[in-house]
Structures are given as C-alpha cells and as structure tokens.
2 protein chains.
Amino acid sequence: MLPELLTPALAWETSGMRITVLAGGVGGARFLRGLKAAAPDAEITVIGNTGDDITLFGLHVSPDLDSIMYTLGGGISEEQGWGRADETFTVLSELAAYGTGPGWFSLGDRDFATHIARTSMLNAGQPLSAVTSRLCERWRPGVRLLPMSDDQVQTQVVISEDGQPRTVHFQEWWVRLHAAVPARQIIAAGADQARPAPGVLDAIAAADIVLLPPSNPVVSVGIILSVPAIAAALDAKLVVGVSPIIAGAPVRGMADACLAAIGVQTTAAAVAAHYGSQLLGGWLVDEKDADAVGAPELAGIAVRAVPLYMSDLQASADIARSALALAGELCQ
Amino acid sequence: MLPELLTPALAWETSGMRITVLAGGVGGARFLRGLKAAAPDAEITVIGNTGDDITLFGLHVSPDLDSIMYTLGGGISEEQGWGRADETFTVLSELAAYGTGPGWFSLGDRDFATHIARTSMLNAGQPLSAVTSRLCERWRPGVRLLPMSDDQVQTQVVISEDGQPRTVHFQEWWVRLHAAVPARQIIAAGADQARPAPGVLDAIAAADIVLLPPSNPVVSVGIILSVPAIAAALDAKLVVGVSPIIAGAPVRGMADACLAAIGVQTTAAAVAAHYGSQLLGGWLVDEKDADAVGAPELAGIAVRAVPLYMSDLQASADIARSALALAGELCQ
C-alpha cells in the first residue's frame, strides 16, 4: 500500500507535551527550529551528539551542540548552518601565523569565544552537561539541551591509506578529506563505557514522544544510540523519525558515505530498516519516496510521506507537525 | 661630586658582545628596542619577568614576555606599549556575553591567539621556555627571549580591605585597582623554589655585561631577582642599571606605589641603593637627578647622568649606548 499523504494540520494538543529529540548538528538544529514553531508550548529536551567533539588549539569544540545552540538562539550563520553569523577570522589567521593547529578546520572569532568559555569551565572540573547549560543561559535556545554523555565518546573513521587501515577523527575524515575517502568502518570509541549525561535517561523516560530529526543516521543519531543505556531506554518509547534521505540522496552533508561504511543503502527505506522496528514506531519519508516505501523491511513501522525539504522555517515546522501528527496517530 | 655627563658616542666595539638583560614589560621592551639599535651585532639575551603571568579564561597570559616579543617583532600597539596593533575585541565581547572572565582585563583578538597557542603548548607538556622560543619563531625579536623560570612564580600584593589583609594577584591590584589601594606587601610566591629556566644561568655566566632597563624595580626586575639562583649568579657580573625614576616620579606605570610597599623612596638614588652595590656596578640617572646622586648610599656604584626619557627609538638607543659606555668604562 502507498503511504497516506498527511496534511500539516495538527489534530492534537502539544501544549505541555514532553518531546525528546536525538539530534546531530545542522539538520537537527533546523528541524528543532521547526519543532519549536510547531509546538511552541511543548517541553522539548534535546540529546545532542558529542561524538564529533574535537580538541583544536587546546580548546574543546562541540560542533553539534553549538549548531543547535546558535540556531535556536539566533546566532547561527544561516548560510553555513554552523558557526556564528557576522564572523571574523582574526584569531585563526594569527594562529596560522604561529604555525599551530590543523589548518583544515575553520573557527571564527565569535565561535572561538564559545570554545574558550567551554574549555575554561571543563578544565575547572565542570562536566560538559553543566557547561552546556551555562552556555545556554546566554543563548536561551528554548529547549533543554543535553550532551548525550559527559564521558568522552569519539567518532572515528577507519580509512585506507596505501592499502593499510588508518583511524582518523571523524572531523578529519569529514572536513579535511570531505568524506571522499571511503570509510571502512565508523567507530564510536568509548561509547560502550559512556554513561548518559545527567537528565538524559529522565528525559527519555518522561517523554511523550521521541523524535529523530533528519540527522545523519550513522554519525549523529547512530553515535547517540551507541551509548548502551540510551538505546536501552528508547526500547519502551514511541519513536518517530524523519528520513534524512530523499530520492536516494542525502539532503545535506555526506550521509551516503557514512551509510556505505555500514553497508546500508542510501534510501529512506533502508535507513528505516537500519533503525529497525524495535526503535522506530513511525517514519516520515518525502513524497518522492512514497512509491518506494511499504516494502517488507518496513514491516512494523508506520510510514507517511510528506514534503521533507527544510527549505525554510515554515517547511521545517510543517515537517515537525507531520511527525507529531504521526506520533499522535500511533498513540491512539 | 656631580656625575659626569656622558655623550652617547660609544667608544668600544659591541659586535659579538654578549649582553644579558633582565626585563619587565613596556619599559624593558622599549629599552631593548634601543639596545638593538645601539648594538645591532651584539648577542642579546633577555630574561623576562613571569611573575605577572595570569590565567584568564583558562589561558596562560604572559604580559611581559609578550610586550617584549610584540615590541621587538613589530606587532606592538605603539600607543599602549602592550598588546597588538590593529586590535579588535570580538572574542572578549563574546566572553562577556557569556558572563565569564574577570571583566577588568582587556585582551584583543590577535592577542588571544598568542594565549591560545601558548596554553595549548603548555597543556601538551612543553615548558614555558620552549613555548616562548616557539612563539618567537614567528616574531623574530632579534634577541633570545627566556622566561626567568619555567616554574610558577606569582607576584601577589597584600592590600587592606575593611582593615583586614587580603592577598590579590598582581594584575588585580595593577589593572583592576590601578595600584590606587596601598600595597602592604608584595610577594613573589613560589620564587624561593623556582629554578631558572634553561639557558638563564648560562646567559648570565656568559654575559660581558648585564643590563637592568628602566623596568619596575619591585614587580619586574625585583621579581626576577627573587629567584635565588638568578640573584646568586649575578653576584659575579658587571651590572649596569637605568633608573626608572626621573625627578622623583616613575616615567611610566606606578612604580612609586610598588616602591612605597617596600619602603623605598621614589628617587633614582633610593632605587640604586635598594639594588645595592653588590648588584649594581653602574647606574644611569636622568640629567634632572644629577644633583641628587653621589649621595653616600650610592657609594660603590658608578653613577652617570644622561637624558633618560625614552621618547622615541633614537632616545632609547642613546640611553642604551650610554649604559654600554658606562659598562665599558667600568671594564677598563
């Protein structure tokens, strides 16, 4: 059967609803902006991916947490989807003059201040969750933003170099190599020992709905799910996901390169099957993929097709409304 | 007797001469610029004060080393005498938006890069001397710049607050309180245990002349001398100093407030007596102070009067030439 086409009208009351979202960076942040517009009175908790975190110039950079914080707080560079608006690059060019740093990671002056503040608090002994909360006091993102863990989990990519495997930090593969070198394997180093940050398990337990935005299923949502206690806590919950793949291609970023590394096809159906019916109760795909869904591997997952391009806030809010509507339907 | 008035002509050959200078920040840096002009082929080693060093925003700031490095490397703000030329303050204003930091210490974006690079290397386990050498690879100051010690020595000031003594970091007294609150005591915390940085004792032992620029005798030169092995090594050397006091007032900064704390009058003669004839072989005073020198407490110290205002490079070079000429005279 073909999936039903949803209208974005929301039939149920979201005021006071507790929504927990597992989010990566840019895509997650834009979805969250739409979700806030769609459910302005909901209590939204975001569990952010920290596997991308990297130490640059001795400073702790949390790209995904910052993309969410800046996007929801009004400080994001809209063109990039990451980093600050109205950036200047004085510090970075001075550091280059000293010959320090990797040279392939761009950080603006405004962004540097965030990393300086974060690192200073971390070095003073505060956990990342407390530091994130402190930084959010400035940005007031309108959601409760939690790192998935205060323990270090590092996303690493095994690539081939001269026929030999070499393990690099995710950012090196993603930013320096543009994910153009095939990934043999993607590893969430430290995840098996990582405990969820304070508030994470409570936010999952208390959630009326858990949403997966159209974030990268491997290196964003996948890394969050690699924390055992988080994956276990989700078993009991209603989870609705939004496909990051439209018509066989990632909407943004290089999810196809990540999916290839884990042997999953770049299709909305394959990603849903990868998440699996034990996790996913509902799955939103783009209208373009309406024909392709309903395949056997989607058995047990309710699929709906809607326009999935987050071209503007209105479009993102419509997608969020559709996800909430599907969840509402599944609750009945 | 009145001191002889020197002409700045230099009678002896400075090429290949080994000159070691104990220097604070702004005054030391300007004197060094003059010294380089006066003796362009000398081997100049600078032992810099690190008692002013402070951790701000989790970053290690070395104000005196930086003033020297920037001044001799052509990056200094000439108006201020410290910090970088063409500065912007984006990072600092962002940090203020986060509500972090002391709020009374100004750091520009270019300057921040230095502190980020320094802190990153220190946290990687490199000693301050190696880090300073690395930073100087960029600035090429034309002197060998050594921190007095790789061990932490912190200049602290005991002030009175509500009748009770309170110990503050030197920078808090100097920058936040503008040295307007009387200092009961000035402490070089950690100095008694501090070892000279690698190269410091060799530079003193090998020196043909040791010079004291018109730096603050208490919180700049005094702190360097508080490292026991440095003071001991100087006993055997020809040391010529330049008075930082002209006509009963500090030329720059608030040396009078520091001298008051240790019970020394703000006069060129009193500062020479404070250094003492065991340390000082020669002492340059300003022409205005010609009448006042030759007093008994200057017994054993050769005193000469010359114009001491470092109004421009030419004036600074003339002072340096006079110091070298006096040293030459004392060598004969």
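In this text the structure is predicted, and so the values were computed from the model without any measurement.

Reading guide: rules and limits
Residues numbered from 1 in each chain as written. Chains lettered and ligands numbered in written order. Predicted model: local features only at pLDDT ≥ 70, side-chain atom pairs only at ≥ 80, totals over all residues. Heavy atoms only, no water. Helix = DSSP H or I, 4+ residues; strand = E, 2+ residues; numbered from the N terminus. Rg over C-alpha atoms; globule rule 2.2 N^0.38 Å. Buried < 20%, exposed > 50% of the residue type's maximum accessible area, 1.4 Å probe, protein only. Contact = heavy atoms within 4.5 Å. Areas by Shrake-Rupley, 256 points an atom, 1.4 Å probe, with all protein chains shown as cover. Salt bridge = Lys/Arg side-chain N within 4 Å of Asp/Glu carboxyl O. Polar contact = N/O pair within 3.5 Å; in protein donor to acceptor, adjacent residues only side chain to side chain. Least-squares fit on C-alpha atoms with pLDDT ≥ 70 in both. Pairing = 2+ DSSP bridges. Axes fitted to C-alpha atoms, helices over the stretch in contact; angles between N-to-C directions. Phe/Tyr/Trp six-rings, centres within 6.5 Å; stacked < 30°, edge-to-face > 60°. Lys NZ or Arg CZ within 6 Å of the ring centre and 35° of its normal. Core = buried A, V, L, I, M, F, W, Y, C linked by side-chain atoms within 4.5 Å.

**Q** What is the right way to look at the overall build of chain A in this model?
**A** For chain A, the count of helices and strands is twelve helices and 14 strands. For 332 residues, the compact-globule formula gives about 20 Å, and the C-alpha radius of gyration of chain A, at 19 Å, lands near that figure. In terms of principal-axis extent, the alpha carbons of chain A reach across some 60 × 50 × 35 Å. Going through the 332 residues of chain A one by one, you find that 58% of them count as buried. Restricting the contact set of chain A to residue pairs at least 6 apart, pairs at least 24 apart contribute 71%. When the accessible surface of chain A is split by element, carbon and sulfur atoms take 50% of a total near 12700 Å².

**Q** What's the story with the pattern of salt bridges in this structure? I'm lost.
**A** Two side chains carrying opposite charge are able to pair once their charged atoms lie near each other. Per the stated rule, a full pass over the model turns up 28 salt bridges over all chains. R134 of chain A is the partner of E137 of chain A in a salt bridge, and the nearest nitrogen-oxygen pair spans 3.6 Å. In this pair, E137 of chain A and R134 of chain A are both assigned in helix 5 (residues 128–139), three residues apart and thus about one turn of the helix distant. Exposure remark for E137 of chain A: the relative accessible area of 49% places this residue in the partly exposed category. Here R134 of chain A falls in the partly exposed class, since its relative accessible area comes to 25%. For E329 of chain A, the salt bridge is made with R304 of chain A, and the minimal N-O distance between the two is 2.4 Å. Separated by 25 residues along the polypeptide, E329 of chain A in helix 12 (residues 313–331) and R304 of chain A in strand 14 (residues 302–306) bring together distant segments of the chain. Each of R84, R110 and R138 of chain A together with E94 of chain B takes part in salt bridges that share partners, so that together they form one network.

**Q** Help me out: how do you make sense of the interface of chain A and chain B in this one?
**A** Residue-level contacts link 28 residues of chain A with 28 residues of chain B. The interface formed by chain A and chain B contains six salt bridges. Put simply, R84 of chain B and E94 of chain A hold a salt bridge, and the shortest N to O gap is 2.7 Å. Our count for the chain A to chain B interface comes out at 14 residue pairs in polar contact (both at pLDDT 80 or more). No other element matches the nine residues that helix 4 (residues 109–123) of chain A contributes to the side of chain A that touches chain B.

**Q** When you look at the relation of the copies chain A and chain B in this model, what are you seeing that I'm missing?
**A** After a rotation of 180° and a shift along the axis of 0.0 Å, chain A superposes on chain B with an RMSD of 0.0 Å. Viewed as a symmetry operation, the transformation between the two copies matches a two-fold axis. Across chain A, the smallest distance between a C-alpha and the rotation axis is recorded for D109 of chain A, namely 3.7 Å.

**Q** What is the right way to read the sheet that holds strand 8 (residues 183–189) of chain A from this model?
**A** Hydrogen bonds along the backbone pair up the strands of a sheet, which may run parallel or antiparallel. Residue and element names in this part refer to chain A. The antiparallel open sheet is built from three strands, whose spatial order is 7-6-8. Every other strand in the sheet has two partners, leaving strand 7 (164–169) and strand 8 as the edge strands with one partner each. Across the sheet, the axes of successive neighbouring strands diverge by a mean angle of 25°, strand direction being ignored. Pairing of strand 6 (residues 154–161) with strand 7 involves six bridges; the strand directions are antiparallel. Across the sheet, residue V158 finds its bridge partner in strand 7, namely T167.

**Q** I tried to follow the packing of aromatic side chains on my own but got confused; where do I start?
**A** Where two aromatic rings form a pair, the distance of their centres and the angle of their planes describe that pair. Here the structure, examined in full by the defined rule, presents 14 aromatic pairs over all chains. Here F57 of chain B and F112 of chain B contribute two aromatic rings whose centre-to-centre distance is 5.8 Å and whose plane-to-plane angle is 50°, an arrangement assigned as tilted. Taken together, the residues span a long stretch of sequence, with F57 of chain B in the loop between strand 3 (54–56) and strand 4 (59–61) and F112 of chain B in helix 4 (residues 109–123) at a distance of 55 residues. Like F112 of chain B, F57 of chain B is buried. In textbook terms, an aromatic cluster arises when at least three aromatic residues are bridged by ring pairs, as seen for F170, W173 and W174 of chain A. Above the ring of Y70 of chain A, the side-chain terminus of R84 of chain A is found at 5.5 Å from the ring centroid.

**Q** Just to check I follow, could you spell out the nonpolar core for this structure?
**A** Burial of nonpolar side chains together is a common tendency in soluble globular proteins. In this structure, I19, L35 and L211 of chain A together with I19, L35, F112 and L211 of chain B are the most contacted members of the largest nonpolar core, which totals 118 residues. Residues L146, I186, A269 and V285 of chain B belong to the second largest nonpolar core, which totals 55 residues.

**Q** Quick question: what am I supposed to make of the environment of R166 of chain B here?
**A** Residues and elements named next belong to chain B. In this fold, R166 is placed in strand 7 (residues 164–169). Owing to a relative accessible area of 27%, R166 belongs among the partly exposed residues under this scheme. Setting aside chain neighbours within four positions, we find R166 in contact with V157, V158, I159, E161, E172 and R176. A polar atom in the side chain of R166 sits 3.4 Å from the side chain of E172.

**Q** Teacher, can you tell me more about the sheet that holds strand 2 (residues 43–48) of chain A here?
**A** Residues and elements named next belong to chain A. Pairing in this open sheet of seven strands is parallel, and the strands run 5-2-1-9-10-13-14 from one edge to the other. With one partner strand each, in any of the chains shown, strand 5 (144–147) and strand 14 form the two edges of the open sheet. Taken over all neighbouring pairs, the strand axes of this sheet differ in orientation by 20° on average, direction set aside. Pairing of strand 2 with strand 5 involves four bridges; the strand directions are parallel. Its bridge partner being in strand 5, G48 is matched across the sheet by P147. Helix 2 (residues 63–73) contacts strand 1 (18–23), strand 2 and strand 5 of the sheet and is inclined by roughly 170° relative to strand 5. Relative to the sheet, helix 12 contacts strand 1, strand 9 (209–212), strand 10 (239–242), strand 13 (282–286) and strand 14, its axis offset from that of strand 13 by approximately 145°.

**Q** How should unusual backbone geometry be read in this particular structure?
**A** In most cases, non-glycine residues show a negative phi, while peptide bonds are predominantly trans. Residue and element names in this part refer to chain A. The backbone of R140 shows a phi angle near 40°, a positive value even though the residue is not glycine. Take R140: it is sitting in the loop between helix 5 and strand 5. Residue classification places R140 among the exposed residues on the basis of a relative accessible area of 67%.

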